[in-house]
Amino acid sequence: MTIRVVIQCAAAKQSGGFLQMDDGRKVKFVAHPDRAPASETSAFMLVRPDDPVEPGARTWRDLVLDYNQQYKNPQGLAQAHQLYTRPTYGALVRKFGVSSTYVLSAGWGLIPASFLTPNYDITFSASAEAYKRRRRTETFSDFHGLDGTTDPIVFLGGKDYLPLFCALTSQVTAPRYVYFNSVVEPQAPGCLMLKYLTTQRTNWHYSCADDLINGTLALPSSS
């Protein structure tokens, strides 16, 4: 049986892969451009994914979606699994296949591992700088990359990203499995919760992913 594996995004990204304007300016996507420090505003054109490219025009999200539907990649954007520096993303693709691996991005939503993803700096982390932090109450037109799937889904991510995962898969009728390691089981309506035993508290979901990859942790459908 095919299973879809979803892993949350990461702050550490490759140094390139930015969309560029015709005048050469690099576009960086952030949660709150108006709160960014001068060092960022002088180096990049800062925008939100759902800002209009021009007044009254389509949004940057629309532009990125159109870009993905082209046959070429003229600006050299990285696929989602290649954008993040941690090797776990690529290892998941090698283990489960690029068509079965997805990234839950605080900037873009639920996207396939193959999605050409412009560099961005948006996170749910409460410790992030204000211009990078997306709060749960803020509205983004996130991509729903798994709408319509009938395959079971496994989510690997922390509690800050769990509400977005639940929201973007709420229409999926297939089983949704969520690993967690907190003492108190997090709220995830409609999901099947699986306790991952580890003493690691920060970025534990990467260890969970690594265990799935190397076979020391069985997939839910085979347990």
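Here the structure is shown first, and the text comes after it.
Every residue gets a number counted from 1 within its own chain, in the order that chain's sequence is written. Restriction of local features to residues with pLDDT of at least 70 applies here, the model being predicted, together with a cutoff of 80 or more for giving and counting side-chain atom pairs; totals for whole chains, interfaces and linings are based on all residues. No hydrogens and no water enter the side-chain calculation; it runs on all heavy atoms of the structure.

**A short note on the pattern of salt bridges**
Link 1 in the chain: In the sections that follow, a salt bridge refers to a side-chain nitrogen of Lys or Arg positioned within 4 Å of a carboxyl oxygen of Asp or Glu. In total, this model carries 10 salt bridges according to the counting rule given.
Link 2 in the chain: Here R25 ties to D23 by a salt bridge, and the two come within 2.8 Å at their closest N and O atoms.
Link 3 in the chain: Exposure is judged per residue with a 1.4 Å probe applied to protein chains only, and the accessible area is read against the type maximum: over 50% gives exposed, under 20% gives buried, and values in between give partly exposed. Exposure remark for R25: the relative accessible area of 42% places this residue in the partly exposed category.
Link 4 in the chain: Looking at D23, the relative accessible area reads 54%, which means it is exposed.
Link 5 in the chain: K159 serves as the salt-bridge partner of D160, at 3.7 Å between the closest nitrogen and oxygen.
Link 6 in the chain: Taking the relative accessible area as the measure of exposure, D160 reaches 27% and is therefore partly exposed.
Link 7 in the chain: One network of salt bridges, with partners in common, ties together D121, E129 and K132.

**Looking at the environment of I122**
Link 1 in the chain: Runs of E in the DSSP output that reach at least two residues are strands. Runs of H or I that reach at least four are helices, and both are numbered from the N terminus. Summarising the element assignment, I122 is placed in the loop between β9 (120-121) and β10 (143-144).
Link 2 in the chain: For the pair I122 and W108, spaced 14 residues apart in sequence, the C-alpha separation works out to 9.1 Å.

**Let's talk about the packing of aromatic side chains**
Link 1 in the chain: Think of it this way: a Phe, Tyr or Trp ring, Trp meaning its six-membered ring, pairs with another when their centres are within 6.5 Å, and the plane angle makes it stacked under 30 degrees, edge-to-face over 60, tilted otherwise. In total, this model carries 10 aromatic pairs according to the counting rule given.
Link 2 in the chain: Taken together, F29, W60, W108, F115 and F143 form an aromatic cluster joined through their ring pairs.
Link 3 in the chain: Above the ring of Y120, the side-chain terminus of K13 is found at 4.5 Å from the ring centroid. Whether a charge sits over a ring depends on NZ of Lys or CZ of Arg being within 6 Å of the ring centre and within 35 degrees of the ring normal.

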